[in-house]
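# Analysis of the macromolecular model
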Amino acid sequence: MTKKVLNWGILSTARINRALIPPLQVSKRNRLLAVASRSQETADKYAREKKIQRAYGSYEALLADPEIDVIYNPLPNHLHAEWTIKAVEAGKHVLCEKPLALSVDEVDAVKAASHKHGRVVAEAFMYRHHPLTLKVQEMVKDGSLGALKLVRGSFSFILS
């Protein structure tokens, strides 16, 4: 297994970045290297505030940085597929905020680009790695819940 540190870039200065920046900044296997905005001034200010080394005044400039391995895409929903595909075509892996795409055709296009360029694209669903989800999986596997006939779940949160 590789010990390579992955360099991350964030497409935008979105509020949701607050959830990703602190873990990246303390991670031993990841390094938050850059942020991009639609203006250099906004990117510079955000980078200073968040202690991010590089700031780009366009999303294209971030994607052109050869040191960036992974892109976090928190752009507005209608831009997710477009910029995820652009990032993959630029040789970057992508963690895309929910929803990955707005249509099946967009999902198919993201999948095709990911396969063509050999890059990983993941949708940011935290529940897959949540300790409670892992516990439920364990309980299902060990049979402690009995024979399951139906599972129905609802995932929600309060938007503050």
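See the structure shown above.
Read on for a plain summary of the structure. (Residues numbered from 1 in each chain as written. Predicted model: local features only at pLDDT ≥ 70, side-chain atom pairs only at ≥ 80, totals over all residues. Heavy atoms only, no water.)

### Remarks on the pattern of salt bridges
The test is simple: By salt bridge we mean one thing: a side-chain nitrogen of Lys or Arg within 4 Å of a carboxyl oxygen of Asp or Glu. Helix and strand assignments come from DSSP, with helices taken as H or I runs of at least 4 residues and strands as E runs of at least 2, each series counted from the N terminus. Only protein chains enter the calculation, and the probe is 1.4 Å; a residue is then buried if its accessible area is under 20% of its type maximum, exposed if over 50%, and partly exposed in between.
Counted under the stated rule, the structure contains seven salt bridges. Note that Lys-135 is salt-bridged to Glu-138, the shortest N-O span being 3.3 Å. Highlighted residues: Lys-135 and Glu-138, both in helix α6 (residues 131–142), separated by three residues, approximately one helical turn. Overall, the relative accessible area of 42% leaves Glu-138 in the partly exposed class. When salt bridges that share partners are traced, they join Arg-54, Asp-65 and Glu-67 into one network.

### Let's talk about the packing of aromatic side chains
Rules: Working definition: a ring pair exists when centres of Phe, Tyr or Trp rings (six-membered ring for Trp) sit within 6.5 Å. Plane angles under 30 degrees give stacked, over 60 give edge-to-face, the rest tilted. We call a charge positioned above a ring when the Lys NZ or Arg CZ atom is no farther than 6 Å from the ring centre and deviates by at most 35 degrees from the ring normal.
What the rule picks out here adds up to one aromatic pair. When the centroid spacing of 5.3 Å and the interplanar angle of 80° are considered together, the rings of Tyr-59 and Trp-83 count as edge-to-face. Of this pair, Tyr-59 sits in helix α3 (residues 59–64) while Trp-83 sits in helix α4 (residues 80–89), and the two are 24 residues apart along the sequence. Considered together, Tyr-59 and Trp-83 belong to a single accessibility category, that of buried residues. Seen from the ring of Trp-83, Lys-86 lies directly overhead, with NZ or CZ sitting 4.0 Å from the centre. For the cation-ring pair, Lys-98 lies above Phe-125, with the distance from its terminal atom to the ring centre recorded as 5.7 Å.

### Re helix α5 (residues 104–117)
The test is simple: One fewer than the residue count of a helix, multiplied by 1.5 Å, yields its expected span. The directions from the helix axis to the C-beta atoms form the arc being described. Here a residue-residue contact requires only that any non-hydrogen atoms of the pair lie within 4.5 Å.
Relative to the 20 Å expected for 14 residues at 1.5 Å per residue, α5 spans 20 Å between its end C-alpha atoms, a close match to the ideal helical length. Those residues of α5 that sit buried are Val-110, Ala-113 and Ser-114. Angularly, the buried residues of α5 cover 100° about the axis, an arc narrow enough to put them on a single face. Exposed residues lying more than 90 degrees from the buried face of α5 are Val-104, Asp-105, Lys-111, His-115 and Lys-116. Against the buried residues of α5 lie α4 and β6 (121–123). In the segment just after α5, Gly-118 is the residue with positive phi, at about 65°.

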